[in-house]
Structure formats: C-alpha cells, structure tokens
Amino acid sequence: MGTGNEANGGGSSGLTRRRVCTFRKDDFLPEESFRSWGNYASALKQTPHRLVDRIFTRSSVEAELEVKARSGNEMKRTLSWWDLMWFGMGAVIGAGIFVLTGLEAREHAGPAVVLSYAVSGLSALLSVFCYTEFAVEIPVAGGSFAYLRVELGDFVAFIAAGNILLEYVIGGAAVARSWTSYFATLCNHDPDDFRILVHGLAPGYNLLDPIAVGIMIVICIIAVLSTKGSSRLNYIASVVHLVVILFIIIAGLIKADPKNYTPFAPFGPRGIFKASAVLFFAYVGFDAVSTMAEETKNPARDVPIGLVGSMVITTTIYCLLAITLCLMQPYTSIDVNAPFSRAFEMVGWSWAQYVVAAGALKGMTSVLLVSAVGQARYLTHIARTHMMPPWFAKVDHKTGTPINATIVMLAATAVIALFTDLGILSSLLSISTLFIFTLVALALLVRLWFFVPPARNPKLWGVPLVPWLPSASIAINIFLLGSIDKHSFERFAAWTALLLVYYLFFGLHASYDTAKAFDVKAGQEGMYRKVEEGQVSSATISGFDGVDTRNAPSAPAP
C-alpha cells in the first residue's frame, strides 16, 4: 500500500544517495491501489467508502511530524526570527505595491487607495495570528495544508492544498511579469517592447514574456542550492529595497501637492472595498514564512516575532507609499504599469525613476525567491501524504532542499508567466488566497471552540481574543470575496473542479492506502511497546510479526 514502497517512492535512508531528479514507477504511484489494473478497479469501486473515510478522518500533530521521514533527509534548522522577519518582508513587498497600487488607485479607489491597503492589511494581520499558532504547534513544511489536515480532515486539506499551489504559481507569475515592466522602465522602454505579440491567442494571453521566464530560471537555481543562502540573498535585497522605499517616501513627499488628494474617494465606498479585495494580493507571501517553521531553530519564539513583526512593518510601508503616490500626481494620470517610476518623471525628477525601478526589481526578486522556497515546501509536505506523487517529497542529501518540488513548481510558474496578463492573475490570486485564509481561521475555531471546553489548548503560543479574532478574520475575508468579479470566480470554480477529478481518481486512493498502512505500522509498534512494558505477552503479537506493512490490505468495500 501507500507506505509499502516508501523506500522507493517516499524516500528512505537506504536510498537517499540515488540521484533526486530520476524517475521510477514507484516514485509516482507506489500504493497498493495502483499495483495492477485489477487493484485500481477495486479501489474505484470503494470510492464512496474511502471518500467518507477521508472526509471524517483527522490527522494528528504527531502524524504530521512523523511524515517528515518520508522525505528521506531532514531539512536543516538554520533560520532565526531575524531571518523570518526579513523573509516575511521579502515575500510580501513586491509587485502588489509597485504595480497594483497604480491600477487600483486609477480605476477603483482614487487617493482612498490608502484605506484599501489598511483594510487588506487588517485582514492579513488577523490571518497572521491564526497562522502563527498553527506554525508554532505544528512546525512542518506543510503550512496551512498540515494545519487543515489536523483540524478539518484530508478532503478539505486537499482542496485547500490545490488552491495553495495555484496561489503560489499565479503569484509568482504575476510578480515575474511585473519584473519585466520595471526592467523596461530601467531600460527606458515600454514594457510591451520586451514582449512578443501573438495574434492567434486570446486577449490577456497573447503577449508572451520571455524575460519573466528567464528570471524564474535564475530564481530556481538559487532556491535549490540552499535555504540559508536564499535567506542571505533575500536579506541583502530587502535592505536595498527598504532604502529605496524610504527614498520614494521622502522624495515623493517633497514633490507632493495636497490638491491631488481631492476628490479623496471618487468611486465611493464600493470602489475602496473592490480595490481592497484585489490589493490583498499585495500581502500574499507571509504564509510562505509559516512553511519554514520546520527549518527554524526555535519555532515557539521565532515564528511569532517573524510573522507578526514583518506584517506590521509591511502594512505601515504600504500605506505610506500609497499616500505618497497619490500626492505626487492626480489619480487619473497614474501609470498602471510602473506607477512610482513614472510619477517621478511627471514631477520633473526623471533621474529618480531609475532609482525606483532598480529598487522595485530588488523587491520583486525577493518576493520570487521567498515564494519559490515556500511553494516547494508546501508541495513537499503534500507529497509526503501521497496526495501528490511521493517523488515530489524527496529532499536532496547535499543541499537539504526539495529539488524536485522546486523545479516543477517554478516550471509551472514560468509557463503561466509567459502567457497571462497581470490583471487576470491578480484577481484569481486574491480569491484563492482569501479562501485559504478563511479555512485556516475556521480550523482555529474548530481547534479551540468546536466543543466547550476547548478541544485543544495551545502548548507554546496561542491566538489572543479567541473566538473573536478568528471570527473577525473570517468575516472580513468573506466581505472582500464579495467584491471580486464574476469571471475570477468562474476560473476558481473550474480549477476546483479539476482538483476534485484528480482527487477522486488518484489522490484519494493514494492517501487512503498510505493512511491505512500507517495505522497498521502504528498498531504494530504500539503492541511491541506494551510487550516491552510487560502489559501483554509476546504470543499476543505473534500475528503482527508476519504483517508486511508495505502490502497491508485495503479496507473492504462496504
């Protein structure tokens, strides 16, 4: 069954020296249900029974920690709260502020875009508190996927997992295309000068962006080499980035004209909240930091400081930048591709646009790097459960990084970045992100208040003001979801339907087999412990001695 070939598919210390990027059948479908067509047909007949089992079965904290062994090698614990804080700022401050601020100020919010950032920031901060408790209590690479498995079950966790992966791919693609826009500004060109128009493709997908693909290749190489090395590079890039941000705020306010703040909210409250829903994209990335808990020296101390600290600093920076941009020029004249660079050009400081463009490129490079690190770790933990092929779970023994997961995720990101327009990407990304954050807040309520008294008390760090804080997070997220356009929901529904098809035909049966094999193994080990403690005789477990957990039978059809 699922763990039957963990030595082959999930990784075992005996085989870790084998090259990571190699392919064998058992790397992808090692479970009992896929050993033959007959087994697969039998598994499909049991789909209703297995689906009910996976919906109502919950994982445990201990099980989530145990599955780390399926990667073959441990991730290295090298990160401190300082690293996490810089990773947090590096993950978040990027394309959202440097591109979407101009788009949303011009088309939906006007100067009141600062309020849009404040609303989105509040929602993100509430989500940060929820993530922090889980990251401290369950310090594994799976992030919200692992949290949801423990509290809401495998099925909900898988649907969330698919949207988490979509979030990272789309977010990375959006930032990569924005990277091209600011690079064009730095070269004194229009962004479309560096893109290839293909007349046979639909609008929104017909401007190919080879530079975006190139930057993703570079990021991939850095991400697979070393997590600590990625941290150092992110730290340097983020310091330079913050210096440029301070320059934008100070220099921009010198050229400010208060008249540009009138009218303040030309599109009314609806415009403010519509912009807020899209600008939530600007806060995406902090959840990537929660996936690094497995590589953190002291999760109980480092994760809360790193996550909450970086989000407070980021929200403050966003609001200051939004105020500065709208004071420099009328909102109707803001450039939607490179708003800050063009703003300095309009006020007569043409030289400053190059400083801004260079700083934006540094920031977006940090976002891409942290995103690459986070998304690979999500996929790694999902693959450890066999909901995705265990080939993705392998960790290289030299670099201590999940090379297979990193390469595949960034390849998918590069393909999307090559074709898809930023406007399409940002709206779809916001839906996926708000959906996941809502589930995490709901999981926290289930964890603490599903019954009275609380079902689980946090051992190391707990969210304050429960149940009010997670409830407020859910309410704000749902409100923001209501401000997103219909076409984005249609794309979201299509992706979720595709996830369901994959789950019912593959992921369900692989994870079911794996879970049942784990139960057999755990039962065997429990009986042996009782023998050692003298609670039962060795004869009691004689039947267990012959059990081969690799081929433990599937549950019979009801």
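Quantities reported herein were computed from a predicted structural model and do not represent experimental measurements.

Participant: Explain the overall build of the chain to me, and be specific about the residues and the numbers.
Facilitator: Helix and strand content of the chain: 22 helices and 2 strands. Burial statistics for the chain: of 558 residues in total, 59% are counted as buried. Taking the contacts inside the chain whose residues are at least 6 apart along the sequence as the reference set, 84% of them involve residues at least 24 apart. When the accessible surface of the chain is summed, it comes to about 21000 Å², and 68% of that surface belongs to carbon and sulfur atoms.

Participant: I'd like a description of the packing of aromatic side chains, backed by residues and values.
Facilitator: Across all of its chains, the model carries 26 aromatic pairs by this definition. The interplanar angle of 20° and the centroid separation of 6.3 Å between the aromatic rings of Y40 and F506 together place this pair among those described as stacked. In this pair, Y40 is assigned in helix α3 (residues 37-45) and F506 in helix α21 (residues 486-532), connecting sequence segments 466 residues apart. Judged by relative accessible area, which is 14%, Y40 ranks as buried. Ring-pair connections join several aromatic residues into one group, and the members of that group are F34, W37, Y40, F155, F158, Y502, Y503 and F506.

Participant: Give me the pattern of salt bridges: which residues, what numbers.
Facilitator: Summed over the entire model, instances satisfying the criterion amount to 10 salt bridges. For D154, the salt bridge identified is with R149, shortest N-O distance 2.9 Å. One exposure class covers both D154 and R149, and it is buried. Among the ionic pairs, R301 bridges to D302, the shortest N-O distance being 2.8 Å. Look at R301 and you get partly exposed, because its relative accessible area is 43%. For D302, a relative accessible area of 0% translates into the label buried. Members of the salt-bridge network, linked through shared partners, are D53, R54, R149, D154 and K516.

Participant: Explain the environment of A338 to me, and be specific about the residues and the numbers.
Facilitator: Residue position: A338 is located in the loop between α15 (299-328) and α16 (339-346). Each C-alpha atom of the pair A338 and Q353 lies 9.4 Å from the other, and the pair is 15 residues apart in sequence. Sequence-distant contacts of A338, defined by excluding residues within four places in its chain, comprise Y182 and T185.

Participant: Can you tell me about the environment of A105, naming the residues and giving the values?
Facilitator: Its location among the elements puts A105 in helix α7 (residues 95-109). Looking at A105, the relative accessible area reads 0%, which means it is buried. Sequence separation between A105 and I334 is 229 residues, and the spatial gap between their C-alpha atoms is 7.9 Å. In this structure, A105 is in contact with G110, V113, F267, C326, Y331 and I334, ignoring residues within four places of it in sequence.

Participant: Please provide a residue-by-residue account of unusual backbone geometry, values included.
Facilitator: Of note, the bond from T262 into P263 is cis; its omega dihedral lies within 30 degrees of zero at -5°. Position of P263 among the secondary structure elements: in the loop between α12 (227-254) and α13 (268-279). Despite not being glycine, N188 has its phi angle at roughly 60°, a positive value. Summarising the element assignment, N188 is placed in the loop between α10 (154-186) and β1 (196-197). For H386, which is not a glycine, the phi torsion comes out positive at approximately 70°. Looking at where H386 falls in the secondary structure, it is placed in the loop between α17 (350-384) and α18 (403-419). Here H386 falls in the buried class, since its relative accessible area comes to 2%.

Participant: Give a description of a nonpolar patch on the surface that names residues and reports values.
Facilitator: On the surface, W81, W82, Y235, I236, V239, V240, V243 and I305 cluster together to form a nonpolar patch covering roughly 660 Å² of accessible area. Counting only elements with at least two residues in the nonpolar patch, the list comes to α6 (81-92) and α12. The dominant element in the nonpolar patch, judged by the number of residues it contributes, is α12, at 5 residues. For W81, a relative accessible area of 30% puts it in the partly exposed group.

Participant: Describe the packing of helix α9 (residues 144-151) against α17, with residues and values.
Facilitator: At a minimum axis distance of 9 Å, the contact between α9 and α17 shows a crossing angle of 35°. The residues of α17 that touch α9, namely those facing S144, F145 and A146, are Y378, H381 and I382. Split by residue class, the contact of α9 with α17 holds 4 nonpolar, 2 polar and no charged.

Participant: Report on the side chain of T406, specifying residues and quantitative values.
Facilitator: Looking at the secondary structure, you find T406 in helix α18. Within the structure, T406 has its side chain in polar contact with the backbone oxygen of P402 (distance 2.8 Å). Excluding residues within four positions of it along the chain, T406 makes contact with C220, A223, V224 and A376.

Participant: For the confidence of the model for the chain, give the residues involved together with the corresponding values.
Facilitator: The share of residues in the chain with pLDDT of 70 or more is 78%, and the mean pLDDT across the chain is 78. Model confidence for the chain, summarised as mean pLDDT per element, is weakest for helix α1 (residues 6-10) at 39 and strongest for α3 at 93. Scored below 50 in pLDDT, residues 527-533 shows 12 contacts in the model against residues more than four places distant or in partner chains. Across residues 536-558 the pLDDT falls below 50, and counting only partners more than four positions away or on other chains, this stretch makes 42 contacts in the model.

Participant: Lay out the packing of helix α8 (residues 113-137) against α15 in plain terms, naming residues and giving numbers.
Facilitator: Running from N to C, α8 and α15 cross one another at 175°; their axes reach a closest spacing of 10 Å. The angle between α8 and α15 falls in the class roughly antiparallel. For the contact of α8 with α15, the per-class residue count stands at 23 nonpolar, 3 polar and no charged.

Participant: Could you give me a rundown of α6, with the residues and numbers involved?
Facilitator: Because the α-helix completes a turn every 3.6 residues, residues three or four places apart line up on one side. The first and last C-alpha atoms of α6 sit 16 Å apart over 12 residues, in line with the 16 Å expected at 1.5 Å per residue. Judged by how many residues are buried, α6 sits mostly within the fold: 10 of 12 residues are covered. Burial in α6 covers these residues: D83, L84, M85, W86, F87, G88, M89, G90, A91 and V92.

Participant: Requested: an account of the side chain of R342, with residues and values cited.
Facilitator: Note on placement: R342 falls in helix α16. Beyond its immediate chain neighbours, meaning those up to four positions away, R342 contacts T185, H189, D335 and Q353.

How each quantity is defined
Residues numbered from 1 in each chain as written. Predicted model: local features only at pLDDT ≥ 70, side-chain atom pairs only at ≥ 80, totals over all residues. Heavy atoms only, no water. Helix = DSSP H or I, 4+ residues; strand = E, 2+ residues; numbered from the N terminus. Buried < 20%, exposed > 50% of the residue type's maximum accessible area, 1.4 Å probe, protein only. Contact = heavy atoms within 4.5 Å. Areas by Shrake-Rupley, 256 points an atom, 1.4 Å probe, with all protein chains shown as cover. Phe/Tyr/Trp six-rings, centres within 6.5 Å; stacked < 30°, edge-to-face > 60°. Salt bridge = Lys/Arg side-chain N within 4 Å of Asp/Glu carboxyl O. Patch = residues over 30% accessible without salt bridge, like charges linked within 9 Å, V, L, I, M, F, W, Y side chains within 5 Å. Axes fitted to C-alpha atoms, helices over the stretch in contact; angles between N-to-C directions. Nonpolar A, V, L, I, M, F, W, Y, C, P; charged D, E, K, R; others polar. Polar contact = N/O pair within 3.5 Å; in protein donor to acceptor, adjacent residues only side chain to side chain. pLDDT = per-residue confidence, 0-100. Parallel < 35°, antiparallel > 145°, perpendicular 65-115°, else oblique. Expected span 1.5 Å × (residues − 1).

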